[in-house]
Amino acid sequence: MKLLEHITAVPALHRQTQETGSTQGVPGTAFHPGRYALRFFAAMLVLTLVSRGISGAAMPQVNLTLPSQGTIVQQASASATVTAGEGEALALPAGVTVDVLYASAGQSLKAGDAIVQLNQEQLQKALDESNATLARQKVQLAQLNVSSAPDTSAADSARQTLTRAQEDYSIAESRTQAAVDQADAALTQAQQAREQAARRLEELQQQADPAPSEEELNIARQMLEEATQQEDSARQTLEQAQNAREDSLLSAQRNLEDAQTALTQAESDYTQAQSSAALTAQSNAAQEQQLQLEIASTEECIALLTACMETDGLICAERDTQLLTCDLKEGQPCPESGGLRIAREDSELVAAFSLPAAQAENLAAGQSVTIVQGSSLTEATVRTAVEDTESGAFQVTAVLPEDAAGFRAGTAQAELIFSRTSYGTCLPVSAIRQDTQGSFVLTVEENRSTFGISYTARRVPVTVLEVGSDGQYAAVEGTIGGSVIASSDQAVSPGSSVRIAQ
């Protein structure tokens, strides 16, 4: 305030001097023009500095970084699952309760190590039931093997009946024909006798010398009458024989037709019986095949139960291996399948993990990948990379070397390095900016004046060559020539005045 009072007093003092030619009457004053001019400029400088200080406090504060040589790394990291490449199921009797569980999934086992203790009473019960089932299945199999050929007795009987009917017809035909022939011959003979008697009578009647006696004529007439009667009788006998033949043949023909119909029906029934028997045989064959499979399964179950009983229900590892999966629980029955899976003998370890499609594009079979599990570390080799059509990600498998020690089935970490490229100019990604003209960085230009030093942001175009997979650093190309702005507490654009963070 004193400085301001002195500044405002200078014009008043100057007016007084002009009017009176003296500074007399102004307390503590003795007019010296140079001194007041110096004070004026000092005041102006202070005000300028204060103004610049207030303005500088409102400027964006920036942090600078120097471009440097560096290496841009493209890498990926993913959670992996280590398993044996090939596994096999350890057979367990389904439905038998697990009393004690000694091992867990992923555990390495030595030959003889206990895995699970099964309930012995249930094992014995299951064994008895399986033996009973096997006996019943064998009885069913024997019944299926009984011949199911159709009965031919009906057809054979009908065939014999037809043969007899044919024979009876032939006999009736020959016998009745003989009777007809005999009657016909008798009729012919009677006709001849009648004709002869008629001629004798006619001759006697025409005889004149000597004339026949009445007695001779009567005898001739009587003989003719008797011959005529015999002819009529013979004709009647022939008609009777012919009628009897017709009746006999008709009856025999009916019997023959009935026998033929019976045979046709019997043969039809036999054909149907054959078809039915064929279907039955086919069904029996299918049932037999199914029953054979069931018998084999029952025998396999009996063998498994017997083996378990021999060890008192204790299931142990038969060789050094790894327990891949264990879906058993104490107090719960063994599942139908898949309760225990162990690694096959000499099975390799495989790490499986997933990668996004953008990263998997850089992956190739045979590439090395680092697998870390706890304190164990090894270099595995990528075997396959298969795209999942639903998610678009790639499922990758990598084989661990045979000498990889300390690894077990379970989770691990997979780390891949796709490339390491050295560049002459590398910057933090935060230092690279973008506008409609392309990529650029902001450098700081220093300006010196009477009032001090000021800094201005300047745009420098750059070309981004590669960005690291972690998104922290990038390689660029361009004429930078100094420090660039890496970050700021406010938005900064080209031409902005800035202040540098200390």
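Residues numbered from 1 in each chain as written. Predicted model: local features only at pLDDT ≥ 70, side-chain atom pairs only at ≥ 80, totals over all residues. Heavy atoms only, no water.

**Quick look at the overall build of the protein**
Scanning the protein from terminus to terminus reveals 6 helices and 21 strands. A burial count over the protein gives 30% of its 502 residues as buried. In the protein, once contacts between residues fewer than 6 apart in sequence are set aside, the share between residues at least 24 apart is 73%. Surface exposure of the protein reaches about 30,900 Å², of which carbon and sulfur atoms provide 50%. (Helix = DSSP H or I, 4+ residues; strand = E, 2+ residues; numbered from the N terminus. Buried < 20%, exposed > 50% of the residue type's maximum accessible area, 1.4 Å probe, protein only. Contact = heavy atoms within 4.5 Å. Areas by Shrake-Rupley, 256 points an atom, 1.4 Å probe, with all protein chains shown as cover.)

**Focus on the sheet that holds strand β5 (residues 108-109)**
Adjacent strands of a sheet pair through backbone hydrogen bonds, lying either parallel or antiparallel. Read from one edge of the open sheet, 4 strands run β3-β9-β8-β5, paired in antiparallel fashion. Edge positions in the sheet fall to β3 (87-89) and β5, since each of these pairs with one other strand and no more. Summarising the sheet, β5 and strand β8 (residues 321-326) pair through 2 bridges and their orientation is antiparallel. Note on β8: the bridge partner recorded for S108 is Q322. (Pairing = 2+ DSSP bridges.)

**Quick look at the packing of helix α3 (residues 120-144) against helix α5 (residues 214-310)**
The N-to-C vectors of α3 and α5 enclose an angle of 155°; their axes lie 9 Å apart at closest approach. Between α3 and α5, the interaxial angle falls into the category roughly antiparallel. Where α3 crosses over α5, the handedness of that crossing is left-handed. (Axes fitted to C-alpha atoms, helices over the stretch in contact; angles between N-to-C directions. Parallel < 35°, antiparallel > 145°, perpendicular 65-115°, else oblique. Left-handed = near helix turned anticlockwise from the far one by under 90°.)

**A few points about the sheet that holds strand β6 (residues 114-118)**
Taken together, 3 strands build an open sheet; the order of strands is β4-β6-β7 and the sheet is antiparallel. Single-partner strands in this sheet number two, and they are β4 (98-101) and β7 (314-316). Recorded for the sheet is a direction-independent mean angle of 20° between the axes of neighbouring strands.

**Here's the deal with unusual backbone geometry**
A cis amide bond links D209 to the next residue, P210, at an omega of -15°. As for its position among the elements, P210 is in the loop between α4 (153-206) and α5. Non-glycine residue D312 carries a positive phi angle of around 60°. Here D312 shows up in the loop between α5 and β7.

**Topic: the pattern of salt bridges**
Applying the stated rule across the entire model yields 11 salt bridges. Its salt-bridge partner being E267, residue R159 comes within 3.5 Å of it at the nearest N-O pair. In this pair, R159 is assigned in helix α4 and E267 in helix α5, connecting sequence segments 108 residues apart. The partly exposed category is assigned to R159, whose relative accessible area is 35%. Residues R459 and D435 are paired through a salt bridge, measuring 2.9 Å at the closest nitrogen-oxygen approach. Remark: D435 occurs in strand β15 (residues 433-435) and R459 occurs in strand β17 (residues 452-461); sequence separation between them is 24 residues. Of the residues examined, R459 reaches a relative accessible area of 25% and is grouped as partly exposed. A relative accessible area of 29% means that D435 is categorised as partly exposed. If you follow the salt bridges from partner to partner, you end up with R194, E231, D232 and R235 in one network. (Salt bridge = Lys/Arg side-chain N within 4 Å of Asp/Glu carboxyl O.)

**Focus on α3**
With 25 residues, α3 ought to run about 36 Å at 1.5 Å a step, and its terminal C-alpha atoms sit 36 Å apart, in line with that. Against the buried residues of α3 lie β6 and α5. With a side-chain oxygen positioned 3.1 Å from the backbone nitrogen of E121, the residue opening α3 is N119. (Expected span 1.5 Å × (residues − 1). Polar contact = N/O pair within 3.5 Å; in protein donor to acceptor, adjacent residues only side chain to side chain.)

**Considerations on the confidence of the model for the protein**
Residues of the protein with pLDDT of at least 70 account for 88%, and the chain-wide mean is 85. Counting interchain partners and residues more than four positions distant, the pLDDT-below-50 stretch residues 1-29 has 18 contacts. (pLDDT = per-residue confidence, 0-100.)

**Focus: the state of the cysteines**
Considering all chains together, one arrives at 0 disulfides under this definition. No disulfide involves C308; its nearest neighbouring cysteine sulfur is the one of C334, lying 8.4 Å away. With a relative accessible area of 3%, C308 lands in the buried category. Note on C326: no disulfide assigned, nearest cysteine sulfur contributed by C334 at a separation of 9.7 Å. Classification of C326 as buried rests on a relative accessible area of 17%. (Disulfide = S-S within 2.5 Å.)

**Some remarks on the nonpolar core**
Ranked by size, the top nonpolar core spans 26 residues in total, and within it L92, I115, V116, L118, L323, L328 and L340 carry the most contacts. The set of elements that each furnish at least two residues to this core consists of β6, α3, α5, β8 and β9 (340-343). The contacts of L92, once residues within four sequence positions are left out, are V116, L304, I315, L328, C334 and L340. The next biggest cluster of nonpolar side chains, apart from the first, holds 24 residues, and it includes A80, F353, I371 and F418. (Core = buried A, V, L, I, M, F, W, Y, C linked by side-chain atoms within 4.5 Å.)

**Some words on the side chain of T443**
By the secondary structure assignment, T443 is in strand β16 (residues 438-449). When sequence neighbours within four positions are dropped, the list of residues in contact with T443 reads T456, A457, R458, V460, I480, S483 and V484.

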